[in-house]
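Next come the chains, spelled out residue by residue.
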Amino acid sequence: SISVSVQMASPLSKALIAGAIGESGAAINPTLAPIPLAEGEKNGVAFAAKVNAASLADLRAIPAEKLLDLSSAPGMPRASATIDGYVLPKSLVDIFNAGEQAQVPLLAGWNSAEVPYTAFTKGQSPTPENYAKIVKETYGDKAAEVLKLYPGATEKEVITSATALASDRFIVFSTWKWADMHARTGRKPVYRYLFSRPRPAMANAGAATPGAPSFKGASHASEIEYALGNLKTNTVYAWTPDDYKVSRIMETYFANFISTGNPNGAGLPEWKPAKAESNAAYMNIDV
């Protein structure tokens, strides 16, 4: 999804695509935003040193699969797109605000619980006191405003708000911003979704681990098998008729969009395009 947002923005690729689907994420702060060329070059030198490559020839001699494994190993420089004047002339925010992106229909969304609340509470118990302390440490003089938007007066409320806040900080905001800017300057429809169907229980699930945090909602990447119709091939989960129903609906929306630039079609709830600066129009994909 982050790559798709860059493809829409890059002058190298924007004329080669008819439409775009983004499932959770865009290259917009705080989600892997492109970095300046000097920083990218510094990361490249650091990566080469860590893998004992003394030249470009040494790097090119590393098999692609091994290169990918090395790049995601602990301690490696973060791999972000680079504002190099070639792939990207400037940031995605600047490109989309200027209307210089691919003028194509966009279907983009995120999941209802991208990451668990523990991603924000940093392993601390979800008490109102701990939550307020972490919000204050994170946001400083903006903490009171954050607590109004993400309240945490009870443990249950902390779990709900911290899940939303962790997910927004991780990937939701960047996806929303991408869709919002394209709705304003893209001159083509934007279809926004929220995927809310949690995976069912595991097919061979044992007893729950005592003290394990509860996770409610659709986690990051869990929509992929629904969107691509791969439930049958994933034998880890005990899929139900409702899961197959959600998958059929999502597959059909996506197939229609790929074919025509519009997800709507016979037998589907109407999916209205989003409007700029509005949170009202989105499709909640669930049972």
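Below or above, wherever it landed, is the structure these notes cover. Numbering of residues starts from 1 in each chain and follows the order in which that chain's sequence is written. Local features in a predicted model are, by the rule used here, given only for residues with pLDDT of at least 70; side-chain atom pairs are given and counted only at 80 or more, and totals for whole chains, interfaces and linings are based on all residues. Side-chain figures throughout are based on the complete set of non-hydrogen atoms in the structure, without hydrogens or water.

## Examining the sheet that holds strand β1 (residues 20–23)
By the convention used here, strands pair only if DSSP detects at least 2 bridges between them. For the purposes of this entry, the term helix denotes a DSSP run of H or I that reaches at least four residues, the term strand denotes a run of E that reaches at least two, and both are numbered from the N terminus. Strand order in this open sheet of 4 strands is β1-β4-β5-β6, and the pairing throughout is parallel. Looking at the sheet topology across the chains shown, the edges are occupied by β1 and β6 (283–285). Within the sheet, the average angular offset between the axes of one strand and its neighbour, ignoring direction, is 20°. For β1 and strand β4 (residues 106–111), the ladder comprises 4 bridges, and the chain directions are parallel. Bridge pairing in β4 links Glu23 to Gly109. Axis geometry follows a simple rule: fit a line to the C-alpha atoms, using only the stretch in contact for helices, then measure angles between N-to-C directions, giving values from 0 to 180 degrees.

## Regarding the packing of aromatic side chains
Ring pairs shown here join Phe, Tyr and Trp side chains whose ring centres sit within 6.5 Å, with only the six-membered ring taken for Trp; geometry is labelled stacked below 30 degrees between planes, edge-to-face above 60, and tilted in between. For the structure on display, the rule yields 9 aromatic pairs. Relative to Phe257, the ring of Tyr191 lies with its centre 6.3 Å away and its plane at 80°, an arrangement referred to as edge-to-face. Taken together, the residues span a long stretch of sequence, with Tyr191 in strand β5 (residues 190–195) and Phe257 in helix α11 (residues 241–260) at a distance of 66 residues. On the basis of relative accessibility, which here comes to 4%, the residue Phe257 falls in the buried class. Measuring from centroid to centroid gives 6.4 Å for Tyr193 and Phe254, while their planes differ by 55°, and the two rings are tilted. Note that Tyr193 is positioned in strand β5 and Phe254 in helix α11, a separation of 61 residues in sequence. Residue classification places Tyr193 among the buried positions, given a relative accessible area of 0%. Partly exposed describes any residue whose relative accessible area lies between the buried limit of under 20% and the exposed limit of over 50%, with all areas from a 1.4 Å probe on protein chains only and scaled to the type maximum.

## A few points about the pattern of salt bridges
We define a salt bridge as a contact between a side-chain nitrogen of Lys or Arg and a carboxyl oxygen of Asp or Glu at a distance within 4 Å. Evaluation of the coordinates by the stated rule reveals 4 salt bridges. Between Glu100 and Lys90 there is a salt bridge, and its shortest N-O distance comes to 3.0 Å. Taken together, the residues span a long stretch of sequence, with Glu100 in the loop between α5 (92–97) and β4 and Lys90 in the loop between β3 (82–83) and α5 at a distance of 10 residues. The exposure class assigned to Glu100 is partly exposed, which follows from its relative accessible area of 33%.

## Some thoughts on the environment of Leu88
Locating Leu88 in the fold gives a position in the loop between β3 and α5. We classify Leu88 as buried; its relative accessible area is 0%. Expressed as a C-alpha distance, the spacing of Leu88 and Leu107, which sit 19 residues apart in the sequence, is 22 Å. Note on definitions: a residue-residue contact is assigned when non-hydrogen atoms from the two residues lie within 4.5 Å. Those residues in contact with Leu88, other than ones at most four positions away along the chain, are Val6, Ala9, Ser10, Pro34, Ala81, Thr82, Ile83 and Ile95.

## As for the environment of Ala205
With respect to the helices and strands, Ala205 occurs in the loop between β5 and α10 (224–227). What makes Ala205 partly exposed here is its relative accessible area of 49%. The spatial distance from the C-alpha of Ala205 to the C-alpha of Phe257 is 36 Å, given a sequence separation of 52 residues.

## Notes on the pairing of β5
Taking burial as the measure, the 6 residues of β5 include 6 buried ones, the bulk of the element. Residues of β5 alternate between two faces, with Val190, Arg192 and Leu194 on one and Tyr191, Tyr193 and Phe195 on the opposite face, all of them buried. Examined bridge by bridge, β4 and β5 share 6 bridges and lie parallel to one another. Bridging across to β5, Asn111 finds its partner in Phe195.

## Side note on the packing of helix α7 (residues 128–139) against helix α9 (residues 155–185)
Where α7 contacts α9, the two axes come as close as 10 Å, and the packing angle between them is 25°. In terms of axis orientation, α7 runs roughly parallel to α9. Judged by the twist between their axes, the crossing of α7 over α9 is left-handed. Two secondary-structure elements touch here, α7 through Pro128, Tyr131, Thr138 and Tyr139 and α9 through Glu155, Val158, Ser161, Ala162, Leu165 and Arg169. Amino acids outside the nonpolar list (Ala, Val, Leu, Ile, Met, Phe, Trp, Tyr, Cys, Pro) and the charged list (Asp, Glu, Lys, Arg) are all regarded as polar, and Gly is one of them. Considering only residue class, the contact of α7 with α9 consists of 6 nonpolar, 2 polar and 2 charged. Oblique is the label for any angle not covered by the other classes, which are roughly parallel (under 35 degrees), roughly antiparallel (over 145) and roughly perpendicular (65 to 115). If you view the pair so one helix is near and one far, a crossing is left-handed when the near helix is turned anticlockwise from the far one by less than a right angle, and right-handed when it is turned clockwise.

## Re the side chain of Ser161
Mapped onto the elements, Ser161 comes out in helix α9. For Ser161, a relative accessible area of 7% puts it in the buried group. Residues within four places of Ser161 in sequence aside, it is in contact with Tyr131, Tyr150 and Pro151.

## What about α11?
A rise of 1.5 Å per residue sets the reference length of α11, with its 20 residues, at 28 Å; its end C-alpha atoms lie 28 Å apart and thus fit the reference within 8%. Contact partners of the buried residues in α11: β1, β4, β5, α10 and β6. Immediately downstream of α11, the backbone of Gly261 shows phi near 85°, a positive value. A helix is expected to span 1.5 Å multiplied by its residue count minus one.

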